[in-house]
Amino acid sequence: MVAGEVSGDMLAARLMAGLRPQLPNVRFHGIGGPRMIEQGMHSDVPIETLTVRGLFEIIPRYREIKGIQNTLRDRLLRERPAAFIGADYPGFNLGLEEQLRAEGIPTVHFVSPQIWAWRGGRIKKIKRAVSHMLVIFPFEEAIYRAAGVPVTYIGHPLAEMIPLQPDVAAARAELGIAHDARVVTIMPGSRMGELKYLAEPFVAAAGLLARRDPKLVFIAPMAGERQRAYYTEIVNKAGLADVPVRLVDGQSHAAIAAADVVLVASGTATLEVALFKKPMVIAYKVMGASWQIMRHMGYQPWIGLPNILAREFVVPEYLQHAATPQALADAVQRQLDDPAGSEALARRFTDMHHSLLRNSAEASADAVLRVIGRRK
């Protein structure tokens, strides 16, 4: 199994939890994070080694990452595992899967690349590389069936992990926040590339909001010590150390549940916020050269998962140069000042939650067992 970032680690761990009761003597190895390790994964390489974001950002590390891929491929070809499972991270995993499947090793890919959003031509490579695709959004199943790729819709694991009615009072008590406070949670990302481009505008936006209302409470969950240190370095260099943003270690779900509004980097976290039924403002920034290419490759007007699933802009998105501190602060303020809109959004997100709710561990494990011939 290989996961290359936090979201893949979470998804793969869920699958592992479903497989272990069915295969009590199973051995997992490859590359994984803390959640996969908790499920018994032996990670040959730290997951952080693979975490790269953007088209051009990978260039300085291409040889290193390609070397890791080749080493893992050679080991798997010697060991002949029952299956290889790639958890998201398509740039690395699809190439590895294609080589392994050509040598007769069954391959499962968990989480479809967003071929419905951009780079739809990858379906040809997927057809060569993947024995079975596990998809987490309902509309994806038809795409793969039409292309002749075996597929199973398993629901989204986050829809099971997050309660339909989050306990705001408990989250605020856990974080030591007054029950009547107005709370803005800022989530500039778990990857270093996200922090590099979003930490400064997010904190600067918090500073603008704090000047408007000094009673606002700002919290920012940090994915780990490296992220916390890098975030702090960026904020200090930008002269924003006096902005009253309280950092919390982990506890991202509590930080979302406690919020009135969330300022969030585009990615899986936006779906988490939606499942917690919270208003949000989504931002996305990458290296300028990457952006110039990516902005012409999209097939649809949305980048945030809640908007993609809703097929309309239910929450605002600010991309690249538009993601200024002023624009972000104004967007957050509008949501803070619109309780009726927040209630309508919560109803919309509740419907979305129901549509994604399945027993994903059981469904994904069942699909893997069929691939390896342990279930018909």
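Residues numbered from 1 in each chain as written. Predicted model: local features only at pLDDT ≥ 70, side-chain atom pairs only at ≥ 80, totals over all residues. Heavy atoms only, no water.

Draft legend 1. Structural detail: the overall build of the protein. The helix and strand inventory of the protein stands at 17 helices and 13 strands. The C-alpha radius of gyration of the protein comes to 21 Å, within 12% of the 21 Å expected for a compact globule of 376 residues. Projected onto its principal axes, the C-alpha positions of the protein cover 60 × 40 × 35 Å. Relative to its 376 residues, the protein shows a buried fraction of 53%. Partitioning the contacts of the protein with sequence separation of at least 6, the portion at a separation of at least 24 is 67%. Of the accessible surface of the protein, which amounts to about 16300 Å², a share of 53% is contributed by carbon and sulfur atoms. Here the protein contributes 44 positive and 37 negative side-chain charges, whose respective centroids are spaced 6 Å apart. (Helix = DSSP H or I, 4+ residues; strand = E, 2+ residues; numbered from the N terminus. Rg over C-alpha atoms; globule rule 2.2 N^0.38 Å. Buried < 20%, exposed > 50% of the residue type's maximum accessible area, 1.4 Å probe, protein only. Contact = heavy atoms within 4.5 Å. Areas by Shrake-Rupley, 256 points an atom, 1.4 Å probe, with all protein chains shown as cover. Lys, Arg positive; Asp, Glu negative; His and termini not counted. Charge placed at Lys NZ, Arg CZ, Asp CG, Glu CD.)

Draft legend 2. The arrangement of the packing of aromatic side chains in detail. Applying the stated criterion to the full structure yields 3 aromatic pairs. Where Tyr89 meets Phe92, the ring centres are 5.7 Å apart and the plane angle is 35 degrees; that geometry is what we call tilted. Take Tyr89 and Phe92: they sit in the same class, and that class is buried. Ring geometry for Phe137 and Phe139: centres 6.1 Å apart, planes at 5 degrees, overall stacked. Classification of Phe139 by relative accessible area gives partly exposed; the value is 29%. (Phe/Tyr/Trp six-rings, centres within 6.5 Å; stacked < 30°, edge-to-face > 60°.)

Draft legend 3. Quick look at unusual backbone geometry. One non-glycine residue with positive phi stands out, namely Asp88, at about 60 degrees. Among the structural elements, Asp88 can be located in the loop between strand S4 (84-87) and helix H4 (90-102). Here Tyr89, not a glycine, exhibits a phi torsion of approximately 45 degrees, which is positive. Note on placement: Tyr89 falls in the loop between S4 and H4. Judged by its relative accessible area of 12%, Tyr89 falls in the buried class.

Draft legend 4. Fine view of the pairing of strand S10 (residues 245-249). Relative to S10, strand S9 (residues 217-222) runs parallel, the two being bridged by 5 bridges. Bridged to Pro221 within S10 is Val248. Read from S9 through helix H10 (residues 225-237) to S10, the crossover connection turns out right-handed. (Pairing = 2+ DSSP bridges. Right-handed = clockwise from strand over helix to strand, strands pointing away.)

Draft legend 5. Focus on helix H12 (residues 268-275). Here H12 lies mainly inside the structure; 7 of its 8 residues are buried. Taken as a whole, H12 has its buried residues at Ala269, Thr270, Leu271, Glu272, Val273, Ala274 and Leu275. After H12 finishes, the residue Lys277 shows a positive phi value of roughly 65 degrees.

Draft legend 6. Quick look at the sheet that holds S9. Taken in spatial order, the 6 strands line up as S10-S9-S8-S11-S12-S13 in an open sheet, and their pairing is parallel. Two strands in the sheet have a free side with no partner beyond their single neighbour: S10 and strand S13 (317-319). Recorded for the sheet is a direction-independent mean angle of 20 degrees between the axes of neighbouring strands. Summarising the sheet, strand S8 (residues 183-187) and strand S11 (residues 261-265) pair through 4 bridges and their orientation is parallel. Bridged to Val184 within S11 is Val261. Along the sheet face, helix H9 (residues 192-212) touches S8, S9, S10, S11 and strand S12 (280-284) and points at about 155 degrees away from the line of S11. Against the sheet, helix H15 (residues 325-336) engages S8, S11, S12 and S13, with an angle of about 160 degrees to S12. (Axes fitted to C-alpha atoms, helices over the stretch in contact; angles between N-to-C directions.)

Draft legend 7. Representation of the packing of H9 against H15 within the structure. One can describe the packing of H9 onto H15 by two numbers: an axis separation of 8 Å at closest approach and a directional angle of 55 degrees. Classed by the angle they form, the pair H9 and H15 counts as oblique. In terms of crossing hand, the pair formed by H9 and H15 is right-handed. Here Pro201, Phe202, Ala204, Ala205, Leu208, Leu209 and Arg212 of H9 come into contact with H15, specifically with Pro325, Gln326, Leu328, Ala329, Asp330, Val332 and Gln333. For the contact of H9 with H15, the residue count by class is 10 nonpolar, 2 polar and 2 charged. (Parallel < 35°, antiparallel > 145°, perpendicular 65-115°, else oblique. Left-handed = near helix turned anticlockwise from the far one by under 90°. Nonpolar A, V, L, I, M, F, W, Y, C, P; charged D, E, K, R; others polar.)

Draft legend 8. Examining H15 more closely. For H15, which comprises 12 residues, the first-to-last C-alpha distance of 16 Å matches the rise-based estimate of 16 Å (1.5 Å per residue) to within 8%. For H15, the secondary structure elements touched by its buried residues are S8, H9, S11, S12, S13 and helix H16 (339-356). (Expected span 1.5 Å × (residues − 1).)

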